[in-house]
Amino acid sequence: MFWDEAIETIKPADLKILQEKRLRETVSRCANVGFYQKKFKEAGLRPSDIQTIEDLQKLPFTRKTDLRDGYPFGFLAVPLKDIVRIHTTSGTTGKPTVVGYTAGDINTWADLIARNLTMVGLTKDDVFQNMVNYGMFTGGLGFHYGAEKAGLTAVPSGTGNTKRQIEMIHDFGVTAIHCTPSYGLHLAEAAAEMKMDLSSLRVGIFGAEPWSEKTRNELQEKLGVEAFDSYGMSELYGPGVAFECSEHNGLHIWHDSYLVEIIDPKTGENLGPGERGELVVTPLTKEAMPLLRYRTGDITMIMEDECPCGRGPKLARFTGRSDDMLVIRGINVFPSQIEHVLLSIPEVGNHYMVYVDRVNHMDEMTIDVEVSRENFHGELADLKNVQNKVIKSLRDVLELRTTVHLVEPGTLPRFEGKAKRVVDRRGDD
């Protein structure tokens, strides 16, 4: 049963028994994968050595580079004839990561999505428009199957054709949408220009890129929705790994399906609740492509306070990635830090681009940011004080000098999929 009440009622001792049973099954499946056979041998381990959650730390980490090295089917634990679907990761360089699914995997994944949708209050009375890519990206079919399992009326609109997306929301009485937060803001802008009423909307689910509380407030105000954060990645099925409840204070991860650790990204040492580090996940129910201690690269922490909703430990909202960190003149910069600063300044809008160049052997960062429509009166030259404010705010947070260009509203790219706001051109010279 996918309903999350079934998980809420499990006692901690019984949950641990279930987790350890599934961990042993996962390790046994991994023994069919050449990569893990080699890793076990190097570590002097046999699958039977892993019996408890405490034994987890004996196991090696798995990294994205390992999965790419196994392209295409090196990480499958079952014969290809048992694979009913293949997805690949998006937004990577070189060979993609290939993820296979058995029929059981597809069903389990749909269950996880259905749990999340019902957790945020969606029912059979809701019409759900899924505005993400239905190709190799997992967000499309993942949410679609979960929505159908939860009994929602699914509208598989995919990406693109914003005008038609808005017309469908209006004409079909859509009550819930799923898209990236940047596309949600673009949707709101386009609906306002079309003078189209989107008052049927009540829930917005946003994921695939980091977003801030200020962005949440804008999405809620402009679209009239309650905005929920969704987290997942293809290697862990796809979306559905962790999700906000109505408290909007951290994301619940389904502990019957995933074991989570937080580690120091540099040392690999485990960190305790309340300590921020890299999220490491061991999925417990994957059949086709089981993984052990997968380093996600995402920076978060296990929150110490219990959630009033009673669903158990949560992950804090993600603040960046350990592997998309920019090093500018010896200073570590996460793109999410830049977003946080810009979105805290009311005079600028939600759209920006970051360019990193090497000039005379020195790293230079340039940020183009749109002025908000409310503050643009025809002349950018009149906004020198705003430009200086942005520069100072960035310097205070990043401890780094940046070049800032203010641009007119509506001039920077809009993204229907995952926003690509950082262009690192240092490799071009």
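Residues numbered from 1 in each chain as written. Predicted model: local features only at pLDDT ≥ 70, side-chain atom pairs only at ≥ 80, totals over all residues. Heavy atoms only, no water.

*Asks:* A description of the pattern of salt bridges should follow, citing residues and the corresponding values.
*Replies:* The final tally for this structure, using the stated rule, is 33 salt bridges. The salt bridge involving D82 is made with K81; its shortest N-O contact spans 3.7 Å. With a shortest N-O distance of 2.8 Å, R425 and D357 are connected by a salt bridge. Placement of the pair is R425 in the segment after β20 (422–424) and D357 in strand β17 (residues 348–359), with a sequence separation of 68 residues. (Salt bridge = Lys/Arg side-chain N within 4 Å of Asp/Glu carboxyl O. Helix = DSSP H or I, 4+ residues; strand = E, 2+ residues; numbered from the N terminus.)

*Asks:* So what about the pairing of strand β8 (residues 238–244)? Which residues, and what values?
*Replies:* Burial analysis of β8 places 7 of its 7 residues in the buried class, which makes it a mostly covered element. The sheet contact formed by strand β7 (residues 226–233) and β8 spans 4 bridges and is antiparallel. If you follow Y231 over to β8, its bridge partner there is A242. Linking β7 to β8, which pair antiparallel, is a turn of 4 residues; within it Y237 sits at a positive phi near 100°. Taken together, the 3 bridges between β8 and strand β9 (residues 251–253) define a ladder with antiparallel strand orientation. Opposite A242, over in β9, you have I253 as the bridge partner. The hairpin formed by β8 and β9 contains 6 residues between the paired strands, and H248 there has a positive phi angle of roughly 55°. (Buried < 20%, exposed > 50% of the residue type's maximum accessible area, 1.4 Å probe, protein only. Pairing = 2+ DSSP bridges.)

*Asks:* Could you give an account of the sheet that holds β7, naming the residues involved and the relevant values?
*Replies:* Strand order in the open sheet formed by 8 strands is β4-β3-β5-β6-β7-β8-β9-β13, with mixed pairing between adjacent strands. The sheet is open, and its two edges are formed by β4 (153–155) and β13 (314–315), each paired on a single side. In the sheet, β9 pairs with β13 via 2 bridges, with the strands oriented antiparallel. Directly across from H252, in β13, lies its bridge partner K314. Contacting β3 (127–130), β6 (203–207), β8 and β9, helix α5 (residues 103–119) crosses the sheet at an angle of about 25° to β8. (Contact = heavy atoms within 4.5 Å. Axes fitted to C-alpha atoms, helices over the stretch in contact; angles between N-to-C directions.)

*Asks:* Report on the side chain of T88, specifying residues and quantitative values.
*Replies:* By secondary structure assignment, the location of T88 is in strand β1 (residues 85–88). Taking the relative accessible area as the measure of exposure, T88 reaches 15% and is therefore buried. Not counting chain neighbours up to four residues away, the residues in contact with T88 comprise P96, T97, V98, M136, F137 and S234.

*Asks:* Please give an account of the nonpolar core that cites residues and values.
*Replies:* Of all hydrophobic cores here, the largest spans 60 residues; its most connected members are Y36 and L117. No other element matches the 7 residues that α5 contributes to this core. Sequence-distant contacts of Y36, that is, excluding residues within four places in its chain, are made with C30, T62, F75, P290, L291 and L292. L326, I338, L342 and M365 belong to the second-largest nonpolar core, a separate cluster that totals 24 residues. (Core = buried A, V, L, I, M, F, W, Y, C linked by side-chain atoms within 4.5 Å.)

*Asks:* Lay out the side chain of R317 with the relevant residues and their values.
*Replies:* By the secondary structure assignment, R317 is in the loop between β13 and β14 (320–321). At 2.6 Å, the side chain of R317 and the side chain of E213 are in polar contact. Side chain to side chain, R317 and D229 meet in a polar contact 3.2 Å long. Apart from residues lying up to four places away in sequence, R317 is in contact with W211, S212, E213, R216, D229, E244, L251, R276, I299 and T300. (Polar contact = N/O pair within 3.5 Å; in protein donor to acceptor, adjacent residues only side chain to side chain.)

*Asks:* If you had to explain the packing of helix α7 (residues 162–172) against helix α8 (residues 181–194) to someone new, which residues and values would you point to?
*Replies:* Look at α7 against α8: their axes get within 10 Å of each other, and the N-to-C directions meet at 80°. The orientation of α7 relative to α8 falls into the category roughly perpendicular. Within the contact between the two elements, α7 uses T162, K163, Q165, I166 and I169 and α8 uses Y183, H186, L187, A190, A191 and M194. (Parallel < 35°, antiparallel > 145°, perpendicular 65-115°, else oblique.)

*Asks:* An account of α8 is needed here, citing residue identities and associated values.
*Replies:* Compared with the 20 Å implied by 1.5 Å per residue over 14 residues, the 20 Å span of α8 between its first and last C-alpha is a close match. Burial analysis of α8 places 10 of its 14 residues in the buried class, the great majority of the element. For α8, every residue scored as buried is listed here: P181, S182, Y183, G184, L185, H186, L187, A188, A190 and A191. Next to the buried residues of α8 lie α7, β5 (176–179), β6, α9 (213–223) and β17. Backbone geometry just downstream of α8 places K195 in the positive-phi region, at approximately 55°. (Expected span 1.5 Å × (residues − 1).)

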